[in-house]
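Report on the structure
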Amino acid sequence: MLRVALRIVGFELKGLAAIGLWVLRRRRQGAPDGATVVTYAREQAFVLTLFAFAMAVETVVIDLLLVALGVPEWLRFGVLIADLYGLLFVAMMAAGCATRPHVVTSDEVWIRYGAYFEVRVPRDLITAVRAGGSYNEASMVAVKDGRLTVAVSSRVNVAIELAEPLTVVRPLGSRAEVSSIRFFADSPDVVLAALRTGEAARP
């Protein structure tokens, strides 16, 4: 339980740092020079924006309602803090995904989801890569039957097959062995081109 709590705190700190990087427009966190950077945040940006707007309106409306009802100040401020944290969480998620893209280098493929997940796949383990996937994934990061899925807005569109199992660490710290990986990229053709040519280059 302590390990899980520490990981959650780590996500929060990385998320706050990502907001700063986002404001400074530094959107290649950790990517080495010459690497191919592949974004995945565009697909969910509109949804997160709508969600944040709805939460902001709800925060104002609920606060005004609580004032009108004359509820105790401690309760009103407690609700307000919870609502503001919800807005901050959305901002951290959006910033984390925008500043921590997928990366293809000459040696590895980094598959990420914001501050919550990253796996580095050695290129010499990859036996096949193809475009195509699904639109109805239930989880953001999931492992089932030896297959890792890293979805964005329930979508994946790139699949990688591995020559041998690779150990991945899930967001809350548990480990799993996977032999195939599916994930989402805004431009899957960039991933395929970088992997199939054997070279990494800026998009």
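Residues numbered from 1 in each chain as written. Predicted model: local features only at pLDDT ≥ 70, side-chain atom pairs only at ≥ 80, totals over all residues. Heavy atoms only, no water.

A closer look at the overall build of the protein
Worth spelling out the cut-off: Per the convention used, a helix needs a DSSP run of H or I reaching at least four residues, while a strand needs a run of E reaching at least two, with both numbered from the N terminus. Classification of residues uses two cut-offs on accessible area relative to the type maximum, computed with a 1.4 Å probe and protein chains only: under 20% is buried, over 50% is exposed, and between them is partly exposed. Two residues form a contact once any of their heavy atoms are found within 4.5 Å. Methods summary: accessible areas were calculated by the Shrake-Rupley approach with a probe of 1.4 Å, and residue burial reflects only the protein chains presented.
Looking only at helices and strands, one finds four helices and nine strands in the protein. The order of α-helices and β-strands along the protein, N terminus first, is α-β-α-α-β-β-β-β-β-β-β-β-α. Judged by the C-alpha coordinates and their principal axes, the protein covers about 65 × 35 × 30 Å. By the burial criterion, 42% of the 203 residues in the protein qualify as buried. Considering only residue pairs separated by 6 or more positions, the protein has 69% of its internal contacts joining residues 24 or more positions apart. Carbon and sulfur atoms make up 62% of the accessible area of the protein, which amounts to about 11,100 Å² in all.

Details of the nonpolar core
Defined as follows: The definition of a nonpolar core used throughout is a set of buried Ala, Val, Leu, Ile, Met, Phe, Trp, Tyr and Cys residues joined through side-chain atoms within 4.5 Å.
Counting residues in each nonpolar core, the largest one holds 41 residues, and the members touching the most others are Ile111, Tyr113, Val121 and Leu148. Dropping the residues within four chain positions of it, Ile111 is found in contact with His102, Phe117, Glu118, Val119, Val121, Val150, Ile160, Ile181 and Phe183.

What to know about the pattern of salt bridges
Selection rule: By convention in these notes, a salt bridge is any Lys or Arg side-chain nitrogen within 4 Å of a carboxyl oxygen on Asp or Glu.
In total, this model carries nine salt bridges according to the counting rule given. Each of Arg100, Glu108, Arg112, Glu118 and Arg120 takes part in one network of salt bridges that share partners.

Focus: the pairing of strand S8 (residues 156–169)
Here is the rule we go by: In this analysis, strands are considered paired if DSSP registers two or more bridges between them.
Taken together, the six bridges between strand S5 (residues 126–134) and S8 define a ladder with antiparallel strand orientation. Bridge assignment links Ser134 to a residue of S8, and that residue is Val156. Bridge analysis of S8 against strand S9 (residues 175–183) gives eight bridges, and the strand direction is antiparallel. Considered in S9, the bridge of Thr167 is made with Glu177.

A word on the layout of surface pockets
What counts, and what does not: Each cavity reported here is a set of points on a 1 Å grid over the protein atoms alone in which a 1.4 Å probe fits but cannot get out, each pocket an open set with protein on both sides within 12 Å along at least five of seven lines, and each lining residue one with an atom within 4 Å of a point. Grid points are joined across faces, edges and corners, and a volume is the space filled by probe spheres set on the points. Any residue that is not Ala, Val, Leu, Ile, Met, Phe, Trp, Tyr, Cys, Pro, Asp, Glu, Lys or Arg is counted as polar, Gly included; the first ten are nonpolar and the last four charged.
Approximately 260 Å³ is the volume found for the largest pocket. Lining the largest pocket are 16 residues, with Trp22, Ala41, Ala45, Ala94 and Ala98 positioned closest to its centre. Every element with two or more residues in the lining of the largest pocket is listed here: helix H2 (42–69) and helix H3 (73–99). When residues of the lining of the largest pocket are assigned to their parent elements, the largest contribution, six residues, is made by H2. Looking at side-chain class alone, the lining of the largest pocket contains ten nonpolar, three polar and three charged residues. In this structure, the second largest pocket occupies an estimated 210 Å³ of space. Mapped onto the lining of the second largest pocket, the elements with two or more residues apiece are helix H1 (2–23), strand S4 (117–122) and S8. In terms of residue class, the lining of the second largest pocket is built from seven nonpolar, one polar and five charged.

Quick notes on the side chain of Thr99
Keep this limit in mind: Distance and chemistry together define a polar contact, namely a pair of N or O atoms within 3.5 Å, with one atom able to donate a hydrogen and the other to accept it when in protein, and with adjacent residues in sequence counting only for side-chain atoms on both sides.
Relative to the elements of secondary structure, Thr99 occurs in helix H3. Here the side chain of Thr99 touches Ala95 through a polar contact of 2.8 Å, landing on its backbone oxygen.

Section: the confidence of the model for the protein
Low-pLDDT portions of the prediction should not be read for the details of their coordinates. Put simply, the rule reads: In predicted models, pLDDT denotes the confidence assigned by the predictor to each residue on a 0 to 100 scale.
Of the residues in the protein, 97% reach a pLDDT of 70 or more, and the chain-wide mean stands at 91. Confidence drops under a pLDDT of 50 for residues 199–203, and excluding neighbours within four residues, the segment shows 20 contacts in the predicted structure.

Considering the packing of H1 against H3
Selection criterion: As a rule, the C-alpha atoms of each element are fitted with a line to give its axis, helices using only the stretch in contact, and angles between N-to-C directions run from 0 to 180 degrees. Each angle is binned into one of four classes, with values under 35 degrees roughly parallel, values over 145 roughly antiparallel, values of 65 to 115 roughly perpendicular, and all other values oblique. The crossing is said to be left-handed when, going from far helix to near helix, the turn is anticlockwise and less than a right angle, and right-handed when the turn is clockwise.
Relative orientation of the contacting elements H1 and H3 amounts to 70°, with a least axis distance of 8 Å. Judged on the interaxial angle alone, H3 and H1 are roughly perpendicular. As for the relative orientation of H1 and H3, their crossing is left-handed in sense. Between H1 and H3, the contacting residues are Glu12, Gly15, Leu16, Ala18, Ile19, Leu21 and Trp22 on the first element and Tyr85, Leu88, Ala91, Met92, Ala94, Ala95, Gly96, Ala98 and Thr99 on the second. When the residues that make up the contact of H1 with H3 are grouped by side-chain class, the tally is twelve nonpolar, three polar and one charged.

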